[in-house]
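Structural description and commentary
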Amino acid sequence: MQTRVSKLLGTKYPVIQGGMAWVAEYHLAAAVSNAGGLGIIGAASAPPEVVREQIREAKKLTDKPFGVNVMLLNPNAAEVAQIVIEEGVKVVTTGAGSPAKFMEAWKNAGVVVIPVVASVAMAKMMERGGADAVVAEGMESGGHIGSQTTMTLVPQVADAVSIPVIAAGGIADGRGIAASMMLGAEGVQMGTRFVVAKESIVHANYKERIIKAKDIDSEVTGMSTGHPIRVLRNQMSREYLKLEKEGASFEELEHLTLGSLRKAVMDGDVVNGSLMAGQSAGMVKKEQSCQEIIEEIVAEAETLLPEKFWK
Ligand code: TUI
């Protein structure tokens, strides 16, 4: 399955793994790249030197292209942006803001730049700024989200820009890939399904919550503070939403969630941890290797889609 996206990335398939904080470390990224997708190391809020180390470890595990996600709320984003260039990383995706100020340096260094956007306006701005493609991410996604759904965002972004569009949010199988292509995308990014991959270092308790999740088991915290985050419902999210309803300050709410994603991913604390996951959690049924996941979803998409969409 080749599209403008797989050609741009130099991958076998137009499938990208989301740059998820704590989850997207080098084992997962290398496994996705080795399976023909594009693995991504999520820099999130990690210290810049840790990101450099992660990149070097990924290079030991794969000779295929992989990327780094720069999370723009990170106060160290500028340093991470520089490390990506120094280490010769092929692809950068960005999240939770505008990467405009880093774009020129990345382009000059020959890095493929793919900002994640949640609106048509941001997609157009990124194209004008020299982005090679955009990920149009709907609010079905886990973690930090915008307000548009994938079904409505992807076609509107595809109509508004000429660079390739990669769909994200709610995609967990071949039907999601086929649907995304019908909406005008030329690739997909998946997060939640890869959280549960065999090569993912995420604690078994967290994986189990995703596998057991039903369609309605996620909710969005922080809508009122301007930092909406989709998580699986648990004691932590209930407490957060209760405080939010009572008008708690942003600082108070931030304090409650401090370190909570780490708690879920590393310690398996599914009670007080933050279980970021997308609405597609209800579709994720078992732990599989990245190779099994990618082969399965691409084969399914190919049986559904007329060849003109991907040849
Ligand atoms: O970035 C994400 N998802 C994330 S980042 C993250 S780390 C975090 N952890 C705890 C609290 C806060 C963050 C967890 N999940 N997805 C990509 C994405 N980007 N979704 C939406 C956007 C976005 C939003 C606004 C992109 C651009 C944007 O621009 C706003 C502006 O005008 O600057």
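Please refer to the structure higher up on the page.
Everything numeric here is computed off the predicted structure, so don't read it as measured data. The residue count restarts for each chain, going from 1 along the sequence in the order it is written. Local features in this predicted model are restricted to residues of pLDDT 70 or higher, and side-chain atom pairs are both shown and tallied only at a pLDDT of 80 or more, whereas totals for entire chains, interfaces and linings draw on every residue. No hydrogens and no water enter the side-chain calculation; it runs on all heavy atoms of the structure.

This brings us to a nonpolar patch on the surface. Only residues whose relative accessible area exceeds 30% and that form no salt bridge are eligible for patches; like-charged ones are grouped when within 9 Å, while nonpolar side chains (Val, Leu, Ile, Met, Phe, Trp, Tyr) are grouped when within 5 Å. To measure how exposed things are, a 1.4 Å probe is used in the Shrake-Rupley method; for residues, cover is taken only from the protein chains shown. Any carboxyl oxygen of Asp or Glu within 4 Å of a side-chain nitrogen of Lys or Arg constitutes a salt bridge here. Together, Trp22, Ile201 and Met266 make up an exposed nonpolar region whose accessible area comes to about 280 Å². The helix and strand labels rest on DSSP assignments: H or I over at least four residues marks a helix, E over at least two residues marks a strand, and numbering proceeds from the N terminus. When you line up the elements, isoleucine 201 lands in the loop between helix H9 (192–195) and helix H10 (204–212). Using a relative accessible area of 35% as the deciding quantity, one classes isoleucine 201 as partly exposed. Throughout this description, buried means an accessible area under 20% of the type-specific maximum (1.4 Å probe, protein chains only), exposed means over 50%, and partly exposed covers the range between.

What helix H5 (residues 100–108) keeps buried is the set Phe102, Met103 and Trp106. On an axial view of H5, the arc spanned by its buried residues comes to 120°, and they lie on one face. For H5, the exposed residues set more than 90 degrees away from the buried face come down to Lys101, Glu104 and Asn108. Contact definition: two residues touch when any of their heavy atoms are within 4.5 Å. In this fold, the buried residues of H5 make contact with strand E3 (66–71), helix H4 (77–86), strand E4 (91–95), strand E5 (112–117) and helix H6 (120–128). An arc is given here, and it is the one of the directions from the helix axis to the C-beta atoms.

Now for the site of the ligand. We call a residue near a molecule or strand whenever a single non-hydrogen atom of that residue lies within 4 Å of it. Ala96, Val116, Met122, Glu137 and His144 are the nearest of the 13 residues found near the ligand. The term polar contact refers here to a pair of N or O atoms within 3.5 Å; inside protein, the definition further demands a hydrogen-donor-capable atom paired with an acceptor-capable atom, and it admits residues adjacent in sequence only when both atoms are side-chain atoms. Within the backbone of histidine 144, an N or O atom sits 2.9 Å from a nitrogen atom of the ligand. Coverage of the ligand by the protein amounts to 68% of the 720 Å² it exposes when considered alone. In this count, Pro and Cys sit with the nonpolar residues alongside Ala, Val, Leu, Ile, Met, Phe, Trp and Tyr, while Asp, Glu, Lys and Arg are called charged and the others, Gly among them, polar. Tallied by class, the residues present in the shell around the ligand amount to seven nonpolar, five polar and one charged.

Only buried Ala, Val, Leu, Ile, Met, Phe, Trp, Tyr and Cys residues count toward a nonpolar core, and they belong to the same one when joined by side-chain atoms within 4.5 Å. Ranked by internal contacts, the top residues of the largest apolar core, which has 78 residues, are Met1, Val68, Trp106, Phe194 and Ile210. Counting residues per element, this core draws most heavily on helix H14 (residues 290–304), at six residues. Here the bounds of each domain stem from an automatic or database domain assignment. Composition of this core by domain shows at least three residues from each of domain 1 (4–201 + 284–309) and domain 2 (214–276). Aside from chain neighbours lying at most four places away, what touches isoleucine 210 is Thr192, Val195, Val196, Leu232, Ala277, Ala281 and Val284. Ranked by size, the runner-up nonpolar core spans 13 residues in total, among them Ile40, Ile114, Val116 and Val135.

In space, the eight strands of this open sheet follow the order E1-E9-E8-E6-E5-E4-E3-E2, with parallel pairing throughout. Looking along the sheet, the strands with just one partner apiece sit at the ends: strand E1 (15–17) and strand E2 (39–42). Ignoring strand direction, the axes of neighbouring strands in this sheet form an average angle of 25°. Only when DSSP finds a minimum of two bridges between them are two strands counted as paired. Pairing analysis gives four bridges linking E4 to E5, with the strands arranged parallel. Bridge pairing in E5 places threonine 94 opposite proline 115. Strands in contact with helix H3 (residues 48–61) are E2 and E3; relative to E3, the strand with the most contacts, it is inclined by about 165°. Axis definition: a line fit to C-alpha positions, over the contact stretch in the case of helices; interaxial angles, taken between N-to-C directions, run 0 to 180 degrees.

Quick look at the environment of leucine 253 now. Tracing the chain through its elements places leucine 253 in helix H12 (residues 250–257). Taking the relative accessible area as the measure of exposure, leucine 253 reaches 0% and is therefore buried. The sequence separation of leucine 253 and leucine 8 amounts to 245 residues, and the corresponding C-alpha distance is 41 Å. Those residues in contact with leucine 253, other than ones at most four positions away along the chain, are Thr225, Tyr240, Leu243, Glu244 and Ala248.

Glancing now at the packing of aromatic side chains. Pairing of aromatic rings covers Phe, Tyr and the six-membered ring of Trp, with a centre-to-centre limit of 6.5 Å; geometry is then stacked below 30 degrees between planes, edge-to-face above 60, and tilted otherwise. Within the structure shown, the criterion is met by one aromatic pair. Measuring from centroid to centroid gives 5.6 Å for phenylalanine 102 and tryptophan 106, while their planes differ by 50°, and the two rings are tilted. Placement of both phenylalanine 102 and tryptophan 106 in helix H5 is noted, with a separation of four residues, approximately one turn of the helix. Taking relative accessible area as the criterion, phenylalanine 102 reaches 10% and is therefore assigned buried. Assessed through its relative accessible area of 0%, tryptophan 106 is described here as buried.

Relative to the assigned elements, glutamate 25 resides in the loop between E1 and helix H2 (26–34). We treat Lys and Arg as the positive residues and Asp and Glu as the negative residues; His and chain ends play no part in the count. With no salt bridge to any partner, buried glutamate 25 finds its closest opposite charge in lysine 207, at an N-O distance of 9.4 Å. A distance of 2.7 Å separates the side chain of glutamate 25 from the side chain of histidine 27, its partner in a polar contact. Among residues more than four places away in sequence, those in contact with glutamate 25 are Gln54 and Ile201.

As far as function goes, none of this settles anything; it's purely spatial.
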